[in-house]
Every structure is written in structure tokens, then in C-alpha cells.
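# Structural characterization, general
Below are the chains, spelled out letter by letter.
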Amino acid sequence: EIGEHHHPTQKPVALMRWCVEMLDAETILDPFMGSGTTGLAAVEEKFKFIGIEREQPYFEIAKRRICAPVAYTWLPSASPEWRRRKPRRKLRWLS
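These notes cover the structure that comes with them. Please read these numbers as outputs of a predicted model, since none were measured by experiment.

The rules behind each value
Residues numbered from 1 in each chain as written. Predicted model: local features only at pLDDT ≥ 70, side-chain atom pairs only at ≥ 80, totals over all residues. Heavy atoms only, no water. Helix = DSSP H or I, 4+ residues; strand = E, 2+ residues; numbered from the N terminus. Contact = heavy atoms within 4.5 Å. Buried < 20%, exposed > 50% of the residue type's maximum accessible area, 1.4 Å probe, protein only. Arc of directions from axis to C-beta. Pairing = 2+ DSSP bridges. Right-handed = clockwise from strand over helix to strand, strands pointing away. Patch = residues over 30% accessible without salt bridge, like charges linked within 9 Å, V, L, I, M, F, W, Y side chains within 5 Å. Areas by Shrake-Rupley, 256 points an atom, 1.4 Å probe, with all protein chains shown as cover. Salt bridge = Lys/Arg side-chain N within 4 Å of Asp/Glu carboxyl O. Axes fitted to C-alpha atoms, helices over the stretch in contact; angles between N-to-C directions. Parallel < 35°, antiparallel > 145°, perpendicular 65-115°, else oblique. Left-handed = near helix turned anticlockwise from the far one by under 90°. Nonpolar A, V, L, I, M, F, W, Y, C, P; charged D, E, K, R; others polar.

## Digging into the overall build of the chain
Scanning the chain for helices and strands turns up 3 helices and 2 strands. Going residue by residue from the N terminus, the α and β elements of the chain occur as α-β-α-β-α. Here the analysis covers contacts within the chain between residues at least 6 apart in sequence; of these, 60% occur between residues at least 24 apart.

This is the structure in C-alpha cells:
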């Protein structure tokens, strides 16, 4: 994702992963989702995610970005942390 800027206030995914990893929660809520960086980080860390965005173009960008990691299968051997991570959750879009 280096060099990809979808929103004027977009944060690095690595920063948002660091933030969500510190939470003791099952679900992450982002009421100002923008291009979905927090949602992407949440999905990568196996959290449930609720995102709210009023601008349709940014909502579409966020949906595409957040769904991308869910589209492929993580292999248990690909990460030594696999067994400690939470199970993957299905995404539902309300639009």
C-alpha cells in the first residue's frame, strides 16, 4: 500500500494495526471511515468491524480495500501467530 493515497487524511495501515492490536475488544467502530484504513487493519487482525462513511466514493474505496484481505485464504503455516489469532469473520455491507 506504499504510495496509495485514497483520502486526504489517510493513515498508514501499520499505524492503525498497532492501534487495534492494543484494544481488548471484539468489534472496532469507525464512525468516519474515509477510505477504510482502520477497517483494513481491523480485518487483518481478525476483529469485527463497523464503518460509517457518508461519502459514497470513499465508501466504495473502503469496501474494496477492506474486502481484499478477506478474498484470499490465510494458510496456518504462513504465520507462526496463526493459532493465537481470532477466527475470521464474515463481512456484511449495509448500503
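## Description of helix 1 (residues 13-21)
Among the residues of helix 1, V13, M16 and V20 are the ones counted as buried. With its buried residues spanning 65° around the axis, helix 1 presents them on a single face.

## Describing the side chain of T37
Of note, T37 is situated in helix 2 (residues 37-44). A residue is classified by how much of its surface remains accessible, and T37, at 5% relative accessible area, is buried. Non-local contacts of T37, meaning those with residues more than four positions away in its chain, are made with Q10, K11, P12, V13, M16 and R65.

## Digging into the side chain of T38
Residue position: T38 is located in helix 2. Excluding residues within four positions of it along the chain, T38 makes contact with M16, I28, D30 and F49.

## Some remarks on the pairing of strand 1 (residues 27-30)
What you see with strand 1 is a clean split: I28 and D30 sit on the buried side and T27 and L29 on the side with no burial. As judged from the 4 bridges shared by strand 1 and strand 2 (residues 48-51), these two strands associate in the parallel manner. Residue T27 lies in a different strand from strand 2, and its bridge partner there is K48. Where the polypeptide runs from strand 1 across helix 2 and back to strand 2, its parallel neighbour, the crossover connection is right-handed.

## Focus: a nonpolar patch on the surface
Together, L15, W18 and M22 line one region of the surface with nonpolar side chains, adding up to about 340 Å² of accessible area. Looking at where M22 falls in the secondary structure, it is placed in the loop between helix 1 and strand 1. We classify M22 as exposed; its relative accessible area is 54%.

## Description of helix 2
Among the 8 residues that make up helix 2, 8 are buried, leaving the element largely enclosed by the rest of the structure. By the burial criterion, the buried members of helix 2 are T37, T38, G39, L40, A41, A42, V43 and E44. Note on helix 2: the residue one or two positions beyond its end, K46, has a positive phi of about 70°.

## Description of the packing of helix 1 against helix 2
A pair of packed helices is captured by two measures, namely the crossing angle of their axes and the spacing between those axes. The N-to-C vectors of helix 1 and helix 2 enclose an angle of 60°; their axes lie 8 Å apart at closest approach. Classed by the angle they form, the pair helix 1 and helix 2 counts as oblique. The interaxial crossing formed by helix 1 with helix 2 has right-handed handedness. Residues V13, M16, R17 and V20 of helix 1 form the contact with helix 2, whose participating residues are T37, T38, L40, A41, A42 and E44. Residue composition of the contact of helix 1 with helix 2, grouped by class: 6 nonpolar, 2 polar and 2 charged.

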